[in-house]
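Report on the structure
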Number of protein chains: 2
Amino acid sequence: MNAPVVETSGERTAEHSGGADASNSTEKRPERAAEHQVANERVRDALRAAHLYYMQDLTMEAIAAELHTSRSSVSRLISYAREAGLVEIQVKTPAERISTALQRVQDKHHVTVHVVPVPDSANEVDRLERVAMSAARILGQFFDSNMTMGIAWGSTMSAVSRHLQPKVTHNSQIVQLNGAANTRTTGIVYASEIMSRFGLAYGAYVQQFPVPAFFDDPATKQVLWRERSIRRVLDIQKHMDVALFGLGTPNSEVPGHVYSSGYLDENDFASLAASNVVGDVATVFYRADGSSADVPINSRASGPPLDQLARVSRRVCVVSGKSRMPALRGALAAHLITDLIVDEATVHGLLDE
Amino acid sequence: MNAPVVETSGERTAEHSGGADASNSTEKRPERAAEHQVANERVRDALRAAHLYYMQDLTMEAIAAELHTSRSSVSRLISYAREAGLVEIQVKTPAERISTALQRVQDKHHVTVHVVPVPDSANEVDRLERVAMSAARILGQFFDSNMTMGIAWGSTMSAVSRHLQPKVTHNSQIVQLNGAANTRTTGIVYASEIMSRFGLAYGAYVQQFPVPAFFDDPATKQVLWRERSIRRVLDIQKHMDVALFGLGTPNSEVPGHVYSSGYLDENDFASLAASNVVGDVATVFYRADGSSADVPINSRASGPPLDQLARVSRRVCVVSGKSRMPALRGALAAHLITDLIVDEATVHGLLDE
DNA sequence: ACACAGTCTGCACGTATGTGCAAGTAGCTT
DNA sequence: AAGCTACTTGCACATACGTGCAGACTGTGT
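Where an unreviewed UniProt entry is consulted, chain A appears under the name Transcriptional regulator, with the organism given as Subtercola lobariae. Taken from UniProt, the Sequence similarities (unreviewed entry) comment for chain A reads in full: "Belongs to the SorC transcriptional regulatory family."

Turning next to the overall build of chain A. Within chain A, the regular secondary structure consists of 14 helices and 11 strands. Going through the 353 residues of chain A one by one, you find that 52% of them count as buried. Considering only contacts in chain A between residues 6 or more positions apart, those separated by 24 or more positions represent 73%. Carbon together with sulfur atoms contributes 50% to the accessible area of chain A, which is approximately 16200 Å² in total.

The immediate surroundings of DNA strand D are formed by 14 residues, with Arg71(A), Ser75(A), Thr69(B), Ser73(B) and Arg76(B) found nearest. Put simply, 45% of the atoms of DNA strand D that lie within 4 Å of the protein are in sugar or phosphate. Ser75(A) places a side-chain nitrogen or oxygen 2.7 Å from a phosphate oxygen of DNA strand D. Here Ser70(B) contributes a side-chain N or O atom positioned 2.9 Å from a phosphate oxygen of DNA strand D. Classifying every residue of the surface near DNA strand D by side-chain character gives two nonpolar, seven polar and five charged.

Residues and elements named next belong to chain A. Evaluated as defined, the whole model comprises 10 aromatic pairs over all chains. Centre to centre, the rings of Tyr53 and Tyr54 are 5.0 Å apart; their planes meet at 85 degrees, and the pair counts as edge-to-face. What makes Tyr53 partly exposed here is its relative accessible area of 28%. The interplanar angle of 50 degrees and the centroid separation of 5.6 Å between the aromatic rings of Phe209 and Trp225 together place this pair among those described as tilted. Here the residue Phe209 occupies a position in the loop between β6 (205-207) and α8 (218-224), and Trp225 occupies one in the loop between α8 and α9 (228-238), the gap between them amounting to 16 residues. Comparing Phe209 with Trp225 shows no difference in burial state: the two are buried. The structure contains a cluster of three or more aromatic residues connected by ring pairs, namely Phe209, Phe215 and Trp225. The cationic tip of Arg42 hangs over the ring face of Tyr80; the distance from NZ or CZ to the ring centre is 4.7 Å.

Turning our attention to the relation of the copies chain B and chain A. Superposition record for chain B on chain A: RMSD 0.1 Å, screw rotation 180 degrees, translation along axis 0.0 Å. Those values place the two copies in the arrangement expected of a two-fold rotation axis. Of every C-alpha in chain B, the one belonging to Ile89(B) sits nearest the axis of rotation, 2.2 Å from it.

All names here are of chain B. With 13 residues, helix α3 (residues 71-83) extends 18 Å from end C-alpha to end C-alpha; this agrees with the ideal 18 Å at 1.5 Å per step. For α3, every residue scored as buried is listed here: Val74, Leu77, Ile78 and Ala81. Buried residues of α3 fall within an arc of 95 degrees about the axis and therefore sit on the same side. Structural note: α3 exposes Arg76 and Glu83 on the side pointing more than 90 degrees away from its buried face. Once α3 finishes, Gly85 follows within two positions and takes phi at roughly 80 degrees, a positive value.

The next point concerns the pairing of strand β2 (residues 87-91) of chain A. In terms of burial, β2(A) is largely enclosed, as four of its five residues are buried. Two elements, β2(A) and strand β2 (residues 87-91) of chain B, share five bridges in a ladder whose sense is antiparallel. Bridging from a neighbouring strand, Gln90(A) pairs with Glu88(B) of β2(B).

Rules of the game
- Counting restarts for each chain, with residues numbered from 1 along the sequence as it is written.
- Each chain gets a letter, beginning with A, and each ligand a number, beginning with 1, in the order they are written.
- Per-residue local features of the predicted model are confined to residues with pLDDT of at least 70, and side-chain atom pairs are confined, for both listing and counting, to 80 or more; whole-chain, interface and lining totals are unaffected and use all residues.
- The side-chain values count all of the structure's non-hydrogen atoms but skip hydrogen atoms and water molecules.
- UniProt positions are given in the numbering used here, feature names are shortened, and annotations may be inferred rather than shown by experiment.
- Secondary structure elements follow DSSP: runs of H or I no shorter than four residues count as helices, runs of E no shorter than two count as strands, and numbering proceeds from the N terminus.
- When accessible area is computed with a 1.4 Å probe and restricted to protein chains, residues below 20% of their type maximum are described as buried, those above 50% as exposed, and intermediate ones as partly exposed.
- By definition, residues are in contact when any of their heavy atoms lie within 4.5 Å.
- Working definition of accessibility: Shrake-Rupley area with a 1.4 Å probe, residue cover restricted to the visible protein chains.
- One heavy atom within 4 Å of a molecule or strand is enough for the residue carrying it to be called near that molecule or strand.
- Any pair of nitrogen or oxygen atoms within 3.5 Å is treated as a polar contact; in protein, a donor-acceptor pairing is required on top of that, and neighbouring residues in sequence qualify only through side-chain atoms on both sides.
- Each residue gets one label: Ala, Val, Leu, Ile, Met, Phe, Trp, Tyr, Cys and Pro are nonpolar, Asp, Glu, Lys and Arg are charged, and the others, such as Gly, are polar.
- Stacked, tilted and edge-to-face are the three classes applied to pairs of Phe, Tyr and Trp rings, where Trp contributes its six-membered ring and a pair requires centres within 6.5 Å; stacked means planes under 30 degrees apart, edge-to-face means over 60, and tilted covers the rest.
- In this analysis the charged atom, NZ for Lys or CZ for Arg, is taken to sit over a ring once it is within 6 Å of the ring centre and within 35 degrees of the ring normal.
- When the copies are superposed, the least-squares fit draws on C-alpha atoms of residues that have pLDDT of at least 70 in both.
- Here a helix's expected span is defined as the number of its residues, less one, multiplied by 1.5 Å.
- Working definition: the arc comes from the directions between the helix axis and the C-beta atoms, pointing outward to the latter.
- For two strands to pair, DSSP has to find at least two bridges joining them.

Below, the structure written as structure tokens:
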């Protein structure tokens, strides 16, 4: 009932041991019940151990004595508690520690900036990895029971998905914002993997969106968008509470997934250049001033129009690397972002205006 | 500007090193500024270290390299970050883990119960200490900027105050709910110490309440209550956002402070017995059914009437030890509590109804 | 009943973190 | 400028924690 479910065809990622699996769901078979009981006790003990450890500052040795077990088991219980999201750790930045320059940026764009410290020496890959890890942990604060989160999968989201902190939620769902298929693959495996990880971490239903990232013919999109199965997903997208996305940029050394995997051809790139495009969110392109109207490719894009996106109440953007700065400025201009998770160096670039 | 301030006469507790002190506040002397700068940098580094440690899972060794310092300094920075409340750790209990019996109690009394695990073998003193520690950490979630918290000091509150987790708040205040003076001492030192610790932990202003715990003559109270200086405090009490209190009980092996320190004489005890009193909150007594009308001593008590208390939006009660069970039942009957922090054994007793 | 696979446990060891101490540093006083 | 105090730093050691491994245990299939 609470296990994550992946709808629509698509491979299911192999899961880590211990996770409840929704498949084979003949319910209430006796072993299942016993298994459930055992898992329950484990959670019980983990919760108790975590409480004693984090709230009462006991050492694991002392906790072991109280639980009549070994210290190493306690260590494992507490690890489990953390992994299962029973323990939540936040680092809070007091308001007065925010530089006035950053404050000005925040006020101007109505955005909350979460700065991720990364040494200047780090390469782009490490940088992304670390921003993604921080983002994954911050995200838990934005998502809760009864909510819908839309995800614009891509290389940044893939990194985020690999570091998600589990959190128990009920009646929540994850919806894919843009299609994944291209001329070479159906893209479903890649996108599905990302989506599944989100679903698994939050115990949320996953709504996939089985369409190409870009249509060849806008008319096809128009037609398909009238299908009820597709409209159902579009409708969920329209009502999402949180949108999570990275930024694509045509000029990065580490180009977004969309720019490097056969989604676009030479004509397309020429067209983007002609329209002065600086970036995209979920396959929808925009210019430096934030405008996205009259960019030809957008009529073939599978992602939500930017003005629709801007109506979502929380819009979380994860950005790493200075090469995405133009894209970031454009996204801010378009008011696409309410919460920005970004590495230190990129923020500094942003402040020089 | 943000330093805690203790108003009204009363000794100031010696503070730990490093704490900003509000005394001698000739502002903007150059050393102060320099000192401030240094403290600022420390917070900056601590924040960064904490971020790298808790959000990015780096080892202290790695963080030391990034910060160009030694591993031991990083260890100290992270300790500092925790002590200063820059890091917040919560252990969350998923809803489905709450037993149905407890759920019933919660629903019946409109109360959220926070169960503190304590081994049955623990003695009353340890028990109190551990409940207090948990309470202190949970409390941070209830109190924030622009809020007023009322505190009914006593032995439980004293224990809580010793374990408070600092949290940065602005424009918040702590108000004392009942007087402290008795026939033997002014009680100010003891109460002031508790209050100060709260003020220090949250950076809140402290409003003391310099009256006796119990008046000899109700008329004196009536008169004093008309004084503007007193009415100012009473007014603050009336508008508090959070009330925090323990429970007194006449029949405990570890009696509440109020019962053991010369606040009451033999006649008083006889009177309490005659009225079938089972407990008190902030010097105001009540019976098993929660009623407090016509308990003679209440007209001489310095704490807020219970019906006034019950109008506060969040009312946090900390209880440890089965001996307080009758007092707890009474307090629940009187709807005095919205959040109950209590040890496991006592909860179990509560469930047997 | 037996063998097998999967899981859990405690031990022993290795790694990571906490802390007393001596030396160093900065600001203040004389 | 010297001397003082209060504080910070890194080292070396002490403690606490994480984890591979072998044995115990549980449930399953033959």
